[in-house]
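Fold and contact review
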Amino acid sequence: MKKLRTGIVGLGRLGRIHAANIAYKIPNMTLVAACSLVPEELEYAKAELGVTEVYSDYRQMLAEADIEAVVIITPSGEHCWQIAAALDAGKHVFCEKPLGVDVEQCKIAEAAVERHPDLTFMLGFMRRYDKSYAYAKQKIDAGEIGTPYLVKATGVDPEVLVQNAIRISAGSGGIFLDMAIHDIDLMRWFLGCEATEVYAMGATFKHPEFKQSDDDETAVAAYKFENGAMGIVHVGRTAPYGYHVETEIVGTEGSIRISAVPEKNLAQLYNTNGVCTECVQGFPERFADAYLAEMEEFANCALEGRQPGVSVYDGSRSTLIGYATTEAWKTGKIVKIG
Ligand SMILES: NC(=O)c1ccc[n+]([C@@H]2O[C@H](COP(=O)([O-])OP(=O)(O)OC[C@H]3O[C@@H](n4cnc5c(N)ncnc54)[C@H](O)[C@@H]3O)[C@@H](O)[C@H]2O)c1
């Protein structure tokens, strides 16, 4: 079997998940090289993942490693230049979301993708590869709920992780750019058209530290789409019971709910609290299969010379909408999305 020779840059929280998938779970990929600024992470890659070529300099990895593809899992502000450098070095590229942290950066990535139509580029909107979200999209496309006219999305992180959210708050771009990008992408995907205006607001009740970095603990945005459809996104950082990701798509002939109860599994616990279903505890647990499925699709696309369903333009459009949402939240005004 032909294996896609791959190098990864970024071995932090999410990089390790992707690296282990590539090294051990995807038969047509092989993890040849790894790059990180953290020496312990490179030791881990050698010892635990069997990586033979490790680098602390990304450009050196591109120039020297024997790889056909690069997987970019670095902080969001590094994505666009790293995408352009890898494509210009002749490598297929998978990059984590968001595409970039501002629209100008996204243009750099768009131009690089356009310079290299022969190379595969994929952005990590992994929820599109989650079985339940993919099923919902199939049903919508088959007309089973008529014309979809409303998406309601909830994404609230578990309160046990709130100190980390407070720590990164100042540099995160604010709650919408940090948390709502997947929901923004899904609304566009499910409704099949573009958002034209947004109104947003935020609130902080439990952790005033968010206010010190001009951020909020929870927030809501309402969108209007070009065909008249609507979207509502609720994001937050303090779900006491776990990781609450839920999406509902309402159409003229029915609706679809994904994770109406964000269950850990199908087991129910009967005890003095009553009958309980435990909640899923975080994104690595909830979307473990989706991270694997999206990387399998990337490998298949690169080896078969095709492009995946998620394009660079999905990345730049969602960043643009994320910015408009942030402006609406900060100004209290309805913002037109250009
Ligand atoms: N799809 C999702 O659900 C999801 C979830 C979490 C994070 N993310 C995204 O994944 C990306 C990484 O997030 P994380 O939490 O794993 O970050 P992290 O801070 O835990 O890890 C960052 C890694 O990047 C490396 N790095 C940073 N700058 C570098 C450079 N210039 N050259 C080489 N290596 C460099 C660091 O050494 C480290 O290994 C972010 O863009 C984030 O938005 C996506």
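The rules we used
Residues numbered from 1 in each chain as written. Predicted model: local features only at pLDDT ≥ 70, side-chain atom pairs only at ≥ 80, totals over all residues. Heavy atoms only, no water. Domains from an automatic or database assignment. Contact = heavy atoms within 4.5 Å. Buried area = accessible area lost by both parts, 1.4 Å probe. Salt bridge = Lys/Arg side-chain N within 4 Å of Asp/Glu carboxyl O. Polar contact = N/O pair within 3.5 Å; in protein donor to acceptor, adjacent residues only side chain to side chain. Nonpolar A, V, L, I, M, F, W, Y, C, P; charged D, E, K, R; others polar. Axes fitted to C-alpha atoms, helices over the stretch in contact; angles between N-to-C directions. Helix = DSSP H or I, 4+ residues; strand = E, 2+ residues; numbered from the N terminus. Left-handed = near helix turned anticlockwise from the far one by under 90°. Buried < 20%, exposed > 50% of the residue type's maximum accessible area, 1.4 Å probe, protein only. Phe/Tyr/Trp six-rings, centres within 6.5 Å; stacked < 30°, edge-to-face > 60°. Lys NZ or Arg CZ within 6 Å of the ring centre and 35° of its normal. Pairing = 2+ DSSP bridges.

**Regarding the domain arrangement of the protein chain**
Partitioning the protein chain into domains gives domain 1 (4-119) and domain 2 (128-286 + 318-336). Tallying the contact residues gives 11 residues for domain 1 and 9 residues for domain 2. Summing both partners gives a buried area of about 690 Å² for domain 1 against domain 2, and 70% of it is carried by carbon and sulfur. Where domain 1 packs against domain 2, one counts 0 salt bridges. Where domain 1 meets domain 2, there are 2 residue pairs in polar contact (both at pLDDT 80 or more). For the side of domain 1 that touches domain 2, a count of residues per class yields 7 nonpolar, 1 polar and 3 charged.

**Details of the packing of helix α9 (residues 181-191) against helix α13 (residues 312-331)**
It is at 9 Å that the axes of α9 and α13 come closest, and there the two elements cross at 115°. Where α9 crosses over α13, the handedness of that crossing is right-handed. Residues I181, I184, D185 and R188 of α9 form the contact with α13, whose own contacting residues are D314, R317, S318, T319, I321, G322 and T325. Considered class by class, the residues forming the contact of α9 with α13 number 3 nonpolar, 4 polar and 4 charged.

**Observations concerning the side chain of T238**
Summarising the element assignment, T238 is placed in strand β10 (residues 230-239). Overall, T238 belongs to the buried group, its relative accessible area being 14%. When neighbours within four sequence positions are excluded, T238 is seen to be in contact with V156, D157, E159, V162, K206, H207 and E217.

**Brief notes about the packing of aromatic side chains**
Using the criterion set out here, one finds 7 aromatic pairs in the structure. With a centroid separation of 6.5 Å and 40° between ring planes, the pair formed by Y133 and F287 is classed as tilted. Remark: F287 occurs in the loop between α11 (283-286) and α12 (288-304) and Y133 occurs in helix α6 (residues 131-141); sequence separation between them is 154 residues. With 6.5 Å between their ring centres and 75° between their planes, F283 and Y291 make a pair best called edge-to-face. Judged on exposure class, the residue F283 and its partner Y291 are both buried. An aromatic cluster is defined as three or more aromatic residues linked by ring pairs; in this entry it consists of Y133, W189, F190 and F287. In this structure, R16 packs its charged tip against the face of Y44, placed 4.0 Å from the ring centre. Over the aromatic face of W329 sits the side chain of K330, whose NZ or CZ is 4.1 Å from the ring centroid.

**What to know about the sheet that holds strand β1 (residues 4-9)**
Remark on secondary structure: sheet strands pair via backbone hydrogen bonds, oriented parallel or antiparallel. Taken together, 6 strands build an open sheet; the order of strands is β3-β2-β1-β4-β5-β6 and the sheet is parallel. Of all the strands in the sheet, the pair left with one neighbour each is β3 (53-55) and β6 (121-124). Ignoring which end each strand starts from, the neighbouring axes of this sheet average 25° apart. Sitting on the sheet, α12 touches β1, β2 (29-35), β4 (69-72), β5 (92-96) and β6, and the angle it makes with β5 is about 160°.

**Some details on the side chain of D314**
As for its position among the elements, D314 is in helix α13. For D314, a relative accessible area of 11% corresponds to the buried category. If sequence neighbours within four positions are ignored, D314 has contacts with F125, R128, D185, R188 and G309.

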